Amino acid sequence: MPPTETTVERRAFIKAAWRLVPFLTVGYLLNYMDRTNVGFAGLTMNRETGLTATQFGFGAGLLFVGYSFFEIPSNMALYRFGARRWIARIMISWGIISAATAFVTGPQSWYALRFLLGVAEAGFFPGITFYLATWFPAEYRARMLAWFLVAIPVSTVIGGPLSGLLLQLDGLGGLPGWKWLFIIEGLPATLLGIAALWVLPDRPDDATFLTIEERRLVRERILGERRDKEMRQLLPALADARVLILAVAQFGFTAGSYGVGIWLPQIIKDARLSNLAVGFVTGGCYILASVAMIVWAAWVDRTGKKIFNLTMACLVASVGLVLAIVSGSFWVSLAWITLALAGITSARAIFWTIPTRFLTGIAAAGGLAFINSIGTLGGFVGPYAVGWLRDATGSFSAGLMAMAGLLALATVMSWSLKLFVTQE
């Protein structure tokens with residue numbers, strides 16, 4: 001009996017998932033490691049280069065300023081030149097600049113290299129979100145994004161112990177351990193970017209790993225998708241209330257994500273653990289968060305209640321940080337922070353399935369970049385605020401409370417989407 005069209009279609013999406021998602025996930029894993037490994041480098045780099053907590057937090061956040069300013073131009077270039085070439089360009093350039101962070105000598109060079117790293121990375125995440133939306137319809141997207149976004153917690157699961165081990169290379173070749181950390185964790189992104197030129201097809205029609213019939217079914221499935229009040233033009237999309245609400249919501253949970261994530265190694269270090277132990281404990285927190293995200297995303301794909309689940313994920317994150325602050329025990333507090341991380345990572349996977357339900361074409365390329373450019377500024381605000389409050393108060397409690405407040409803002413904005421989105 002010949003296979004049915006539904007069977008062929010399902011087989012095509014499975015093949016596309018196995019071809020694209022693992023490669024992109026590894027890319028994002030390296031991307032996130034290159035953003036957050038500064039949390040581990042700071043355990044020794046700050047003292048050697050004379051950086052204060054405020055200067056360190058400011059520089060850590062500057063990446064997101066560069067990222068945000070160049071986000072929309074980068075995604076327009078991706079739309080113009082094709083995903084394959086532009087994603088490769090992004091990965092090659094960020095790998096080189098990340099490795100060059102080993103040459104930091106003080107605040108000015110720290111600020112410059114972090115800003116340039118943000119410029120190099122600009123457009124990667126919204127570009128991948130746009131790219132996946134051209135391959136997978138709505139009922140697959142939360143799971144595809146969750147497996148892609150598992151790179152965030154896994155980057156810490158791998159990067160935490162790895163960074164702790166690399167710090168032990170102190171003195172090898174006359175270089176301190178933090179310099180080896182940047183070099184060894186940065187350059188693989190450049191190699192992966194070169195490989196992207198051969199691995200990633202621009203669109204389903206170019207996919208030689210699919211049969212002609214499979215390409216046709218994927219194309220027709222994407223083009224035939226029903227959308228809620230669809231937006232195709234760029235400028236009207238940027239003024240759409242749904243886009244503006246999503247941008248503010250993402251700002252809130254992104255600030256919380258980086259405000260906690262970049263400082264987590266130093267929060268754990270306060271328990272007087274070794275640098276290697278800090279890496280393993282941090283990785284353990286993110287293992288639990290990644291499991292929660294995958295399970296939650298599968299539930300969302302089955303139920304379709306994206307806005308409700310996004311609201312609940314942000315609420316869980318906010319409440320988790322508040323309970324971490326009031327807890328009297330370090331390990332109980334760390335458990336609540338882990339719950340907050342589970343909420344934050346799950347929110348991110350759910351969040352990016354929503355704008356692709358009403359943005360298409362150039363409106364999707366520019367709209368996703370706009371949402372991410374505003375939201376990603378939270379990546380500057382979060383680390384800087386936590387660092388400044390650490391210097392001002394002598395503890396991380398005030399910073400964590402500020403992050404809880406921003407996550408509460410994300411909760412309210414997520415809930416308000418129900419006023420404008422009728423079809424999730």
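Data block above holds the structure.
All values reported here derive from a predicted model rather than from experimental measurement.

A closer look at the overall build of the chain
Of regular secondary structure, the chain possesses 20 helices and zero strands. Its C-alpha atoms give the chain a radius of gyration of 21 Å, within 12% of the compact-globule value 22 Å for 424 residues. Overall size of the chain, expressed as C-alpha extent along the three principal axes, is 65 × 45 × 45 Å. Burial statistics for the chain: of 424 residues in total, 60% are counted as buried. Summarising the internal contacts of the chain: among those between residues at least 6 apart in sequence, 83% fall at separations of at least 24. Distance from the positive charge centre (33 side chains) to the negative charge centre (23 side chains) of the chain: 1 Å.

With respect to the side chain of Ser68
Counting through the fold element by element, Ser68 comes out in helix H3 (residues 53-69). Its relative accessible area of 10% is what places Ser68 among the buried residues. Among residues more than four places away in sequence, those in contact with Ser68 are Ser373, Thr376 and Leu377.

A few points about the environment of Arg216
As for its position among the elements, Arg216 is in helix H11 (residues 212-223). For Arg216, a relative accessible area of 28% puts it in the partly exposed group. Between the alpha carbons of Arg216 and Pro204 there is a distance of 8.4 Å; along the sequence they are twelve residues apart.

Looking at the layout of surface pockets
Gaps left between atoms show up when a probe the size of a water molecule is rolled over them. Estimated volume of the second largest pocket: approximately 350 Å³. Taken together, 14 residues form the lining of the second largest pocket, with Ala17, Trp18, Val21, Met144 and Trp147 sitting closest to its centre. Secondary-structure elements contributing two or more residues to the lining of the second largest pocket are helix H1 (5-36) and helix H8 (138-149). The element that contributes the greatest number of residues to the lining of the second largest pocket is H1, accounting for nine residues. A per-class count over the lining of the second largest pocket returns eleven nonpolar, one polar and two charged.

Concerning the packing of aromatic side chains
As enumerated under the stated definition, the model contains 18 aromatic pairs in all. Pairing Tyr28 with Phe148 gives two aromatic rings, centres 4.8 Å apart and planes at 20°, and the pair type is stacked. Taken together, the residues span a long stretch of sequence, with Tyr28 in helix H1 and Phe148 in helix H8 at a distance of 120 residues. When its relative accessible area of 0% is taken as the criterion, Phe148 is described as buried. For the ring pair Phe56 and Trp263, a centre distance of 5.5 Å and an interplane angle of 80° mean the geometry is edge-to-face. Linking Phe56 in helix H3 with Trp263 in the loop between helix H13 (241-261) and helix H14 (264-269), this pair joins segments that are 207 residues apart in sequence. Of the two residues, Phe56 and Trp263, neither departs from the other in class, the shared state being buried. Of note, Arg89 hangs over the ring of Trp86, and the distance from its end group to the ring centre comes to 4.5 Å.

Some thoughts on the packing of helix H4 (residues 71-81) against helix H5 (residues 83-100)
Closest axis-to-axis distance for the H4/H5 pair is 7 Å, and the angle between their directions is 140°. Accordingly, the angle class assigned to the pair H4 and H5 is oblique. Within the contact between the two elements, H4 uses Ser74, Ala77, Leu78 and Phe81 and H5 uses Ala83, Arg85, Trp86, Ile87, Arg89 and Ile90. In the contact of H4 with H5, the residues fall into seven nonpolar, one polar and two charged.

The rules behind these values
Residues numbered from 1 in each chain as written. Predicted model: local features only at pLDDT ≥ 70, side-chain atom pairs only at ≥ 80, totals over all residues. Heavy atoms only, no water. Helix = DSSP H or I, 4+ residues; strand = E, 2+ residues; numbered from the N terminus. Rg over C-alpha atoms; globule rule 2.2 N^0.38 Å. Buried < 20%, exposed > 50% of the residue type's maximum accessible area, 1.4 Å probe, protein only. Contact = heavy atoms within 4.5 Å. Lys, Arg positive; Asp, Glu negative; His and termini not counted. Charge placed at Lys NZ, Arg CZ, Asp CG, Glu CD. 1 Å grid on protein atoms, 1.4 Å probe; cavity = no way out; pocket = protein on both sides within 12 Å on 5 of 7 lines; lining within 4 Å. Points joined across faces, edges and corners; volume = space filled by probe spheres on them. Nonpolar A, V, L, I, M, F, W, Y, C, P; charged D, E, K, R; others polar. Phe/Tyr/Trp six-rings, centres within 6.5 Å; stacked < 30°, edge-to-face > 60°. Lys NZ or Arg CZ within 6 Å of the ring centre and 35° of its normal. Axes fitted to C-alpha atoms, helices over the stretch in contact; angles between N-to-C directions. Parallel < 35°, antiparallel > 145°, perpendicular 65-115°, else oblique.

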